[in-house]
Amino acid sequence: MKNKKIVIVDDEVDFGILMTSFFAKRGYDVYTALSIYDGLRVLEEQRPEYIFFDNNLPDGLGWSNAQLVLEKYPDTRLVLMSALQIPTTSSTNFSILYKPHIVDELQKMFP
């Protein structure tokens, strides 16, 4: 059985290492990207079950790609991450995690 895949798009290298470690211990294959451009490329190549997208990235606002990701990859669970509070949505295939409490929330989502 193949491991499920996760793509993490965040320009904070240390955060990517933390997330990779968290998910690798749970048997996921983890791919990281430091920009929107690279994240969308990795998403297309890997077709993951989950994508974690930061908003404030070097090449723009990552969340501006949320609708594209949801439409183009309807089977991928999109999780947006931010240090800022924003309104939530009732979509079942969409989540928002607020930094710095992400690990606590991840443990609830991925026991």
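Residues numbered from 1 in each chain as written. Predicted model: local features only at pLDDT ≥ 70, side-chain atom pairs only at ≥ 80, totals over all residues. Heavy atoms only, no water.

1. A closer look at the overall build of the chain
Basically, it comes down to this: What counts as a helix is a DSSP run of H or I of at least four residues, what counts as a strand is a run of E of at least two, and both are numbered from the N terminus. Relative accessible area decides the class of each residue, using a 1.4 Å probe on protein chains only: under 20% of the type maximum gives buried, over 50% gives exposed, and in between gives partly exposed. We call two residues contacting when some pair of their heavy atoms lies within 4.5 Å.
Assigned secondary structure in the chain consists of four helices and seven strands. The order of α-helices and β-strands along the chain, N terminus first, is β-α-β-α-β-β-β-α-β-β-α. For the chain, buried positions account for 44% of its 111 residues. Of the contacts made within the chain by residues no fewer than 6 positions apart, 57% connect residues no fewer than 24 positions apart.

2. Examining the packing of helix H1 (residues 13–24) against helix H4 (residues 102–109)
Packed helix pairs are specified by the crossing angle of their axes together with the interaxial distance, meaning the distance between the axes. Note the threshold: Helix axes are fitted to C-alpha atoms over the stretch in contact, other axes to C-alpha atoms as well, and angles between N-to-C directions run from 0 to 180 degrees. Any angle from 65 to 115 degrees is called roughly perpendicular, while one under 35 is roughly parallel, one over 145 is roughly antiparallel, and all others are oblique. The crossing is said to be left-handed when, going from far helix to near helix, the turn is anticlockwise and less than a right angle, and right-handed when the turn is clockwise.
Axis separation between H1 and H4 bottoms out at 12 Å; the angle between their running directions is 25°. Looking at the two axes, H1 sits roughly parallel to H4. H4 is crossed by H1, and the crossing has right-handed handedness. Facing H1, whose interface residues are Phe-15, Leu-18, Met-19, Phe-22 and Phe-23, H4 presents Ile-102, Val-103, Leu-106 and Gln-107.

3. What to know about the packing of aromatic side chains
When we look at a pair of aromatic rings, we describe it by the centre distance and by the angle of the planes. Note the following rule: When the centres of two rings from Phe, Tyr and Trp lie within 6.5 Å, Trp using its six-membered ring, the rings pair. Their planes under 30 degrees apart give stacked, over 60 give edge-to-face, and anything left gives tilted. Working rule: Lys NZ or Arg CZ, within 6 Å of ring centre, within 35 degrees of ring normal, means a charge sits over the ring.
Scanning all chains against the criterion turns up four aromatic pairs. Geometrically, the ring pair formed by Phe-23 and Tyr-28 is edge-to-face, given 5.6 Å between the ring centres and 80° between the ring planes. Here the two residues Phe-23 and Tyr-28 agree in accessibility, since each one is buried. Within the aromatic cluster, the residues linked to one another by ring pairs are Phe-22, Phe-23, Tyr-28, Tyr-50 and Phe-52. The ring of Phe-22 is capped by Arg-26, whose NZ or CZ atom sits 3.7 Å from the centre of that ring.

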